[in-house]
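Structural overview for review
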Amino acid sequence: MYFLSEELFFPPVSQANSEGILAVGGDLSPERLLLAYQSGIFPWFEEDQPILWWSPNPRMVLFLDELVVSKSMRNILNRNIFKVSFNQNFREVISNCQKIKRDGQNGTWITNDMIEAYCKLNELGIAKSVEVWQNNELVGGLYGVDLGNIFCGESMFSKVSNASKVAFIALANQLRNNYKLLDCQVYNEHLESLGCREIERNDFIQLLKS
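Residues numbered from 1 in each chain as written. Predicted model: local features only at pLDDT ≥ 70, side-chain atom pairs only at ≥ 80, totals over all residues. Heavy atoms only, no water.

**Re the side chain of Asn96**
Looking at the element boundaries, Asn96 is found in helix α3 (residues 90-99). Asn96 sits in the buried class, given a relative accessible area of 12%. Excluding residues within four positions of it along the chain, Asn96 makes contact with Leu138, Phe157 and Lys159. (Helix = DSSP H or I, 4+ residues; strand = E, 2+ residues; numbered from the N terminus. Buried < 20%, exposed > 50% of the residue type's maximum accessible area, 1.4 Å probe, protein only. Contact = heavy atoms within 4.5 Å.)

This is the structure:
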């Protein structure tokens, strides 16, 4: 495991341990965060931990033409229960991602410092959000880092059933024509049900750099 200094540097992702942890320390400056995502690395840590930088193998991704929309979800989308906007309420989305209760988690990895760091990225046009509305109330959404050819999803939230799925599907459709894939970082069943799958880290890095 590599211990970062003030130097703007990350070691090769091949040096990550079996869990995917590559490095410790550093900061959450816009420059370091952008370098991390461009290198296939992301921060993930809890309030009482130092900053941990990850590059897991395998990597969970969505190739956009493999998006799966179930019949029941198509019905929900066709009924226009929700309205979707893009990058209109970034701070509110990331704040809701911080507060939402998640199964198997006692707290959140989205610290207040993380919120401020990603809001700076949003101001620079690098981090973006998707908002899902019902009766003019924000009921779901997601945020991530936009690299121009790959969108790196970070977190999503849902206050009512299916709202986060609506955000994910809307984003995938928005990216479909001009992006290679949507990075989802690590496996979970919810993502798999939407068509995401795991690929080798080296393959992900090649797609990131090509």
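**Some thoughts on the packing of aromatic side chains**
Using the criterion set out here, one finds seven aromatic pairs in the structure. Each ring, one from Phe10 and one from Trp53, has its centre 5.0 Å from the other, and the planes form 65 degrees; the classification is edge-to-face. With a gap of 43 residues between them, Phe10 in the loop between β1 (2-4) and β2 (21-25) and Trp53 in strand β4 (residues 52-54) connect regions that are remote in the sequence. For the pair formed by Phe10 and Trp53, the shared burial category is buried. (Phe/Tyr/Trp six-rings, centres within 6.5 Å; stacked < 30°, edge-to-face > 60°.)

**Topic: the sheet that holds β4**
Taken together, the four strands give an open sheet; going across it, the order is β1-β2-β4-β3, and neighbouring strands pair in mixed fashion. Since the sheet does not close on itself, it has two edges, and those belong to β1 and β3 (42-43), each with one partner. Pairing geometry for β1 and β2, over three bridges, is parallel. Across the sheet, the residue bridging to Leu4 is Gly25, located in β2. (Pairing = 2+ DSSP bridges.)

Purely spatial values, then, with no claim about function.
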